[in-house]
Amino acid sequence: MKIKLLFAIFGMLIGAQSSIAKEWRGIVPLKSTRTDVERRFGKPDKWGDYHVDQDRVSFRYSEGGPCTDLYRALGKDNCYCSLEDGTVISISVEPTVKRKFSDLKLDMTKFKKVPISPFPYNFAYYNPTEGIDYEVDESEDRIRSIEYDAAAVDCENIIKSRAPKYRNSWRGLIPLHVNRWDVERLLGTPQRTWESSAAYDTDHEIVSVKYAKGKCGEPNTEWNVPDDTVIELVVGQRLGFLLSQLNLDLSRYNRQEDFPYPEIENPPKVANYIDSLNGIIVRTQSSRGGGGEEVVVSITYRPANKDAKLRCVNSKGPSKKP
């Protein structure tokens, strides 16, 4: 519950200027490491816990590296996907003796109070700015546990410094930055080829790749790049999944509905989520008549705006249709 609550309120805290995360005995989430913990407290017991004075303590660590979700760059930024291996994510402290919550004399205006179901008189008091969460049994004025999470500003700073340079990347393939040989090294021999494009079948996708052909000034030439440079990737989904699973950062996307063909009776509802800055289009379809959740049909990767310098001088730019 604590981690979910933390993510839910990150958006409220953008604009803070310095870290004010709470530390526990010198250990600070997102700043300290497993090495710091073990240098100070040694190795944990066989259950992964430490016993420090009258507390049972456990640490949660990052496993390092980017999150493995294939479409992670399309969604909301997550600082936990950018941490080094062994970085402390959170600290859980469980007092082994009774400790009164009222003795802390906290400024309660800084805390959000959330009931803990199904336990009566049990509440979580969470300070989103400092990332600290107290679980309290109010019937006994007793602290059940204390959780030290990351301060929101620390997550924001990590996101700003480590966000992906290019979001229009699928399995490392970025339009204008890779060529036919990079594609074939990854996907093998295409199942179908045309003069300037190729198609690949994977277990879950049909991938269409469009390549540059011709020089600036020639018909249908948009980009000033060598022949066989990738200029577009369309990843069609064999097994559709819900749009909500992408966790899109909707501040980056403009939703546009496609008009159905008039000759189709009760057609499915089709929409495009367009991130024009990063060159991404997510195409969805809902059940016939427009009800139900949207399912992802395809994802198109085009050049990002930051690569506009590579556009041919007289090019009119990409068409508006996905």
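Thresholds applied
Numbering of residues starts from 1 in every chain and runs along the sequence as written. Local features in this predicted model are restricted to residues whose pLDDT is 70 or higher, and side-chain atom pairs enter the listing and the counts only when it is 80 or higher, whereas totals over whole chains, interfaces and linings include all residues. Hydrogen atoms and water are omitted, and side-chain values are computed over all heavy atoms in the structure. Here a salt bridge means any side-chain nitrogen of Lys or Arg lying within 4 Å of a carboxyl oxygen belonging to Asp or Glu. Secondary structure elements are taken from DSSP: a helix is a run of H or I of four residues or more, a strand is a run of E of two residues or more, and numbering for both begins at the N terminus. Exposure categories follow from relative accessible area, calculated using a 1.4 Å probe and restricted to protein chains: below 20% of the type maximum is buried, above 50% is exposed, and the middle band is partly exposed. Every residue is assigned a pLDDT by the predictor, reflecting its confidence on a scale from 0 to 100. Contact definition: two residues touch when any of their heavy atoms are within 4.5 Å. Only a pair of cysteine sulfur atoms within 2.5 Å qualifies as a disulfide here. Strands pair, by our definition, only if DSSP identifies at least two bridges between them. To get an axis, a line is fitted to the C-alpha atoms, and for a helix only the part in contact is used. The angle between two axes follows their N-to-C directions and goes from 0 to 180 degrees.

S.K.: Tell me about the pattern of salt bridges, and name the residues and values.
M.R.: A complete count under the given rule lists 25 salt bridges for this structure. When the shortest N-O distance is used, the salt bridge between K22 and E130 registers 4.0 Å. Of this pair, K22 sits in the loop between α1 (2–9) and α2 (34–41) while E130 sits in the loop between β5 (122–127) and β6 (132–137), and the two are 108 residues apart along the sequence. A relative accessible area of 18% means that E130 is categorised as buried. Connected through shared salt-bridge partners, R255, E257, K269 and E294 make up one network.

S.K.: Got a sec to walk through the confidence of the model for the protein chain? Specific residues and values, please.
M.R.: When pLDDT is averaged across the protein chain, the result is 87; 87% of the residues are at 70 or more. Throughout residues 1–19 the model reports pLDDT below 50, and contacts reaching past four residues in sequence, or to other chains, amount to 31 contacts.

S.K.: Can you tell me about the state of the cysteines, naming the residues and giving the values?
M.R.: With the rule as written, the count across this model stands at two disulfides. Disulfide pairing is shown between C79 and C155; the S-S distance is 2.0 Å. One end of the pair, C79, is in the loop between β2 (55–61) and β3 (88–95); the other, C155, is in helix α3 (residues 152–162), with 76 residues separating them in the sequence. Residue C79 is classed as buried on the basis of its relative accessible area, which comes to 2%.

S.K.: Describe the pairing of strand β7 (residues 142–148), listing the residues and the values that go with them.
M.R.: Burial analysis of β7 places five of its seven residues in the buried class, the great majority of the element. Of the pairings in the sheet, the one linking β3 to β7 comprises three bridges and is antiparallel in character. Note on β7: the bridge partner recorded for V93 is I146. In terms of strand pairing, β6 meets β7 through six bridges, oriented antiparallel. Its bridge partner being in β7, I132 is matched across the sheet by Y148. Two successive antiparallel strands, β6 and β7, enclose a turn made up of four residues, where D141 displays a positive phi of approximately 55°.

S.K.: Quick rundown of the sheet that holds strand β1 (residues 50–52)? Include the residues and the values.
M.R.: On the basis of which strands lie adjacent, the open sheet formed by seven strands has the order β1-β2-β3-β7-β6-β5-β4 and antiparallel pairing. Where the open sheet ends on each side, the last strands, each with one partner, are β1 and β4 (112–115). In this sheet, neighbouring strand axes are inclined to one another by 25° on average, regardless of whether the strands run parallel or antiparallel. As paired elements, β4 and β5 share four bridges and run antiparallel to each other. Residue pairing for β5: K113 is matched across the bridge by Y125.

S.K.: Kindly report on unusual backbone geometry, identifying the contributing residues and their values.
M.R.: Leaving glycine aside, a negative phi is the common case for residues, and trans is the common case for peptide bonds. A cis amide bond links S117 to the next residue, P118, at an omega of 5°. One non-glycine residue, R25, adopts positive backbone phi at about 50°. Mapped onto the secondary structure, R25 falls in the loop between α1 and α2. For R25, a relative accessible area of 34% translates into the label partly exposed. Its identity as a non-glycine residue notwithstanding, N247 has a phi of 50°, on the positive side.

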